[in-house]
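Geometric and topological summary
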Amino acid sequence: MAEAGNQYARLWRWHFYAGLIIAPVLIIMSVTGGMYLLQPQIEDALYGELLYLPDPHAGPVDHDALITTATTRLEAARLHAYTPPQGPEHSAAVDLTTQTGDRLTAYLSPATGDILGTVAEDWRPMTLARKIHGGLMLGKPGDVIVELVACWTLVMVATGLFLWWPRKSRAVGTALPRAKVRGRAFWRDWHAVPGAWAGLWIAAIIVTGLPWSILWGGAYAAIGKATGEGLPAAIFTERPHSVSEAAMPDVTMNELIARITAQDVPLAYKIDYPWFANGVYAVMPLRQIGQAEDMAYLFLDRRSGAVLTDLRWDDLGALGRASTIGVQFHEGRLFGPANQIINLAAILILIALALTGPVMWWKRRPKGKLAPPVVPRDTRLSIGVLTIATALALILPLFALSVLLILAGEWVWARRTAANA
């Protein structure tokens, strides 16, 4: 019985350290992740008058004229992408950089050719949310911090479920918070019970985001490339080259879209301009609710407009398909509005956990002391706990490195405490 209590104390200690250290960053990531999850609703609220036409337009669209208008009136130095209208009620969009270096998206009416308005991309809420969520806008160090927080969130979920797991047969306080408790017990129930209900879903959200992290995601991509089971490099990193004669003029956007239409692209898309002098136009699916099996990536010669590469679902490897489905789940797009609603609920619970955990610590700690859970020195971890910890360390190398640093710190602290005793 004492050994079981020691196991509990050990895992509680790790849960305590993880929560206290990562709580601030976890809240930031949860808020920005929630914003990105609600991108369709937020964008509609902020830019509805730019995204949607006052009257539907079902007639022909002169895409080249729209691009020329945006380029001329906004004095574009470079064009990045063009998004044709997704339907009769939608505007067209031109993503460009001006002569003064401002990154703008111009929205145009396909009916009148007028510019409905522009959005400064550097200050677009979704742009800021994505940059903060992915790396705290701190470059490589931010990428490492975000991955560490993701890894330790998984540890918090695992240890939290262990701490919550009922040792007595009772529903109140385990499956449901107790109604009449006060003080620290109140905070414990409202921390543990929602966390237990949402824990596995939160873990799934974290895991499906790891393929885009700096270390774990880099290893995932390297394995996919080595085995041929990842996403084709052309999608994100290595665009093809055009093969037509360099003396030929560039294909018009009207002709390009006619060719794309003939390829039966089921989902709405944007067209990236060539990345380099002899590059290609790239058709990229827009972020929206839709079946992963309908995705299409097309790469077209910049002069002839010929389709050089046509990538569909069947062209992705197993790891590429897994990450594609994973990111749809992560962003709340896999199974319609229900996915978005459940993910949002999980994010709100995660924010609540990051707030109630420190409150519980504050209420139980002696004044002026850190007071982590005390673990007897002779405590040995069970085989089950060691197995899970080892598996996490192998799967999450950044987590393993941080554990070694923490253990080294605890050892140094124990030596200093013993020396001063």
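Structure shown above.
**Describing the pattern of salt bridges**
Counting across every chain of the model gives 13 salt bridges. As a salt-bridge pair, Arg312 and Asp310 come within 2.6 Å of each other at their nearest N and O atoms. Overall, the relative accessible area of 23% leaves Arg312 in the partly exposed class. On the basis of relative accessible area, Asp310 is assigned to the partly exposed category, the value being 27%. We note a salt bridge from Arg333 to Glu331, for which the minimum N-O separation is 2.7 Å. Taken together, the salt bridges that share partners define one network made up of Glu43, Glu121 and Arg124.

**A look at the environment of Thr97**
Looking at the secondary structure, you find Thr97 in strand E2 (residues 92–98). For Thr97, the contacting residues outside a window of four places in its chain are Ala76, Ala77, Arg78, His80, Asp102 and Arg103. A distance of 2.6 Å separates a polar atom in the side chain of Thr97 from a polar atom in the side chain of His80.

**Comments concerning the packing of helix H6 (residues 184–209) against helix H10 (residues 337–364)**
Orientation of H6 relative to H10, taken along the N-to-C sense of each, is 140 degrees, at an axis distance of 8 Å. As for how H6 packs across H10, the hand of that crossing is left-handed. Residues Arg184, Trp187, Arg188, His191, Pro194, Gly195, Ala198, Trp201, Ile202 and Ile205 of H6 form the contact with H10, whose participating residues are Ile342, Asn343, Ala346, Ile349, Leu350, Leu353, Thr356, Gly357, Val359, Met360, Lys363 and Arg364.

**With respect to a nonpolar patch on the surface**
A contiguous nonpolar patch, built from Val144, Ile214 and Leu215 and spanning about 200 Å² of accessible area, is present on the exposed surface. Assignment of secondary structure puts Ile214 in the loop between H6 and helix H7 (216–227). Accessibility expressed as a relative area gives 32% for Ile214, which makes it partly exposed.

**Let's talk about the packing of aromatic side chains**
Across all of its chains, the model carries nine aromatic pairs by this definition. With 6.5 Å between their ring centres and 90 degrees between their planes, Trp201 and Phe335 make a pair best called edge-to-face. Here the residue Trp201 occupies a position in helix H6, and Phe335 occupies one in the loop between helix H9 (318–330) and H10, the gap between them amounting to 134 residues. Residue classification places Trp201 among the partly exposed residues on the basis of a relative accessible area of 28%. Residue classification places Phe335 among the partly exposed residues on the basis of a relative accessible area of 38%.

**Focus: the packing of helix H3 (residues 63–73) against helix H8 (residues 253–262)**
Packing of H3 against H8 leaves a shortest axis separation of 7 Å and a crossing angle of 135 degrees. The orientation of H3 relative to H8 falls into the category oblique. Residue-level contacts link His63, Asp64 and Ile67 of H3 to Met253, Asn254 and Ile257 of H8. The class makeup of the residues in the contact of H3 with H8 is three nonpolar, two polar and one charged.

**Topic: the sheet that holds strand E1 (residues 76–83)**
With antiparallel pairing, eight strands are arranged side by side in an open sheet as E4-E3-E2-E1-E5-E6-E7-E8. The outermost strands of the open sheet, each flanked by one partner alone, are strand E4 (115–120) and strand E8 (307–312). With direction set aside, neighbouring strand axes in the sheet form an average angle of 20 degrees.

**Topic: the side chain of Asn343**
Position of Asn343 among the secondary structure elements: in helix H10. For Asn343, a relative accessible area of 1% translates into the label buried.

**Here we look at unusual backbone geometry**
Phi is positive for Glu75, close to 50 degrees, though the residue is something other than glycine. What makes Glu75 exposed here is its relative accessible area of 52%. Phi is positive for Leu136, which is not a glycine, with a value near 60 degrees.

**Regarding the nonpolar core**
Counting residues in each nonpolar core, the largest one holds 33 residues, and the members touching the most others are Leu26, Trp152, Ile202, Leu396 and Phe399. At the level of secondary structure, the elements contributing two or more residues to this core comprise helix H1 (2–37), helix H5 (139–164), H6, H7, H10 and helix H12 (397–420). The element that contributes the greatest number of residues to this core is H5, accounting for nine residues. If we ignore the near neighbours within four places in the chain, the residues touching Leu396 are Cys151, Leu154, Leu210 and Trp216. Judged by nonpolar contacts, the second largest core, of 26 residues, contains Ala92, Ala106, Val265 and Tyr281.

Quick notes on the rules
- Residues numbered from 1 in each chain as written.
- Predicted model: local features only at pLDDT ≥ 70, side-chain atom pairs only at ≥ 80, totals over all residues.
- Heavy atoms only, no water.
- Salt bridge = Lys/Arg side-chain N within 4 Å of Asp/Glu carboxyl O.
- Buried < 20%, exposed > 50% of the residue type's maximum accessible area, 1.4 Å probe, protein only.
- Helix = DSSP H or I, 4+ residues; strand = E, 2+ residues; numbered from the N terminus.
- Contact = heavy atoms within 4.5 Å.
- Polar contact = N/O pair within 3.5 Å; in protein donor to acceptor, adjacent residues only side chain to side chain.
- Axes fitted to C-alpha atoms, helices over the stretch in contact; angles between N-to-C directions.
- Left-handed = near helix turned anticlockwise from the far one by under 90°.
- Patch = residues over 30% accessible without salt bridge, like charges linked within 9 Å, V, L, I, M, F, W, Y side chains within 5 Å.
- Areas by Shrake-Rupley, 256 points an atom, 1.4 Å probe, with all protein chains shown as cover.
- Phe/Tyr/Trp six-rings, centres within 6.5 Å; stacked < 30°, edge-to-face > 60°.
- Parallel < 35°, antiparallel > 145°, perpendicular 65-115°, else oblique.
- Nonpolar A, V, L, I, M, F, W, Y, C, P; charged D, E, K, R; others polar.
- Pairing = 2+ DSSP bridges.
- Core = buried A, V, L, I, M, F, W, Y, C linked by side-chain atoms within 4.5 Å.

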